[in-house]
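Architecture at a glance
Chain by chain, the residues:
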Amino acid sequence: MFSTSTPVTAARFHNRKAELLRLEEAIGKLRSGSPLWVAIIGPRKVGKTSLVMESVRRAAAPSMLVVTLDVQESAPVSPELFRLYVLRVLDAVFGPELGESIEHLARRPADFRRLLQRSDRFMHLPAEMRADLLETVDGEATRDRVGGWLHLPEMLAATLDLRFIVALDEFDQLERLSSQRDGFDAFTLMRSVWQKQIRVTYFVSGSARSMLLTLVTAEHSPFFQHFSVLELGPFGREDAISL
């Protein structure tokens, strides 16, 4: 059955062979330590998340983790979105072992810390890293803290011999942070952190075509020449009928 709201993979995933090859190439580069970032541009509900999830499924390996986040799921857009991002990273790393969602305990700090410390993998991290992670749910999401959170996937990957694929939908909406009181330029901060990473790759997407295209191709953008662009349109008539 055709679905427009739930990502589909495996037998339910349809076509997109050329697009899958592009993402599989990026995942291959991640494995070799030369990550390739991809900007996926297309209308909402066209299948951007399904494409990412299917590419990850095909590249399945215990050491290859995926983190997905829609910028608009935490409205209005604020620095708190990056705390949610960290919680998703922690769930990807420790959730399968714990059998419980770390993100869902964010509003209960004592339970959050108690759950993390049940993880053998967590307890084998360096003491300073463990202390920082236990404080994730405390305090404000300042620019400095966000910078540290952006480093986290690379730090965990290096310590635990992992690779991360981070998929951020409606990515261009982060521009709103720069116009807020006590806000900051998220894109410049992200670029400065991301460009040093070799164990994490980024698939960003958006439905506002011109905004995202400008963000990743304009000479004045912090992301100029950092992303490969993948345009994702609706299915052709024959493919749409076969769904």
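What comes next concerns the included structure. (Residues numbered from 1 in each chain as written. Predicted model: local features only at pLDDT ≥ 70, side-chain atom pairs only at ≥ 80, totals over all residues. Heavy atoms only, no water.)

Points about the side chain of Glu170
Within the secondary structure, Glu170 is located in the loop between strand 3 (163-169) and helix 8 (186-194). Glu170 sits in the buried class, given a relative accessible area of 2%. A distance of 3.0 Å separates polar atoms of two side chains, one belonging to Glu170 and the other to Ser207. With residues near it in sequence (within four places) discarded, Glu170 still touches Arg44, Asp70, Val71, Gln72, Ser205, Gly206 and Ser207. (Helix = DSSP H or I, 4+ residues; strand = E, 2+ residues; numbered from the N terminus. Buried < 20%, exposed > 50% of the residue type's maximum accessible area, 1.4 Å probe, protein only. Polar contact = N/O pair within 3.5 Å; in protein donor to acceptor, adjacent residues only side chain to side chain. Contact = heavy atoms within 4.5 Å.)

A short note on helix 1 (residues 17-31)
Compared with an ideal rise of 1.5 Å per residue, which puts 15 residues at 21 Å, helix 1 spans 21 Å between its outermost C-alpha atoms and is within 8% of the ideal. Those residues of helix 1 lying buried are Glu19, Leu20, Leu23, Ala26, Ile27 and Leu30. Mapping the buried residues of helix 1 onto a view down its axis gives an arc of 120°, with all of them on the same face. Exposed residues pointing more than 90 degrees away from the buried face of helix 1 are listed as Lys17, Ala18 and Leu21. Its buried side turned inward, helix 1 meets strand 1 (37-41), helix 2 (48-58), strand 2 (64-70), strand 3, strand 4 (200-206) and strand 5 (227-231). Directly after helix 1, the chain includes Gly33, whose backbone phi takes a positive value near 85°. (Expected span 1.5 Å × (residues − 1). Arc of directions from axis to C-beta.)

Some points on the pairing of strand 2
Most of strand 2 sits inside the fold, with five of its seven residues counted as buried. Sheet topology places strand 2 next to strand 3; seven bridges connect them, and they run parallel. Looking at the pairing, Leu69 lines up with Leu168 of strand 3. (Pairing = 2+ DSSP bridges.)

Re the packing of aromatic side chains
Each aromatic ring pair is characterised by the separation of its centres together with the angle its planes make. Throughout the structure, instances matching the rule amount to 14 aromatic pairs. On the basis of an interplanar angle of 50° and a centroid distance of 5.3 Å, the ring pair of Phe171 and Phe187 is categorised as tilted. Here Phe171, found in the loop between strand 3 and helix 8, pairs with Phe187, found in helix 8; they are 16 residues apart in sequence, far enough to count as distant. Grouping residues by exposure puts Phe171 and Phe187 together as buried. Ring centres of Trp194 and Phe223 lie 6.0 Å apart, and the angle between their planes is 35°; this geometry places the pair in the tilted category. Here the residue Trp194 occupies a position in helix 8, and Phe223 occupies one in the loop between helix 9 (209-217) and strand 5, the gap between them amounting to 29 residues. Trp194 sits in the buried class, given a relative accessible area of 1%. Take Phe223: its relative accessible area is 0%, and that puts it in the buried class. An aromatic cluster of three or more residues is present, and its members are Trp37, Phe171, Phe187, Trp194, Tyr202, Phe223 and Phe227. (Phe/Tyr/Trp six-rings, centres within 6.5 Å; stacked < 30°, edge-to-face > 60°.)

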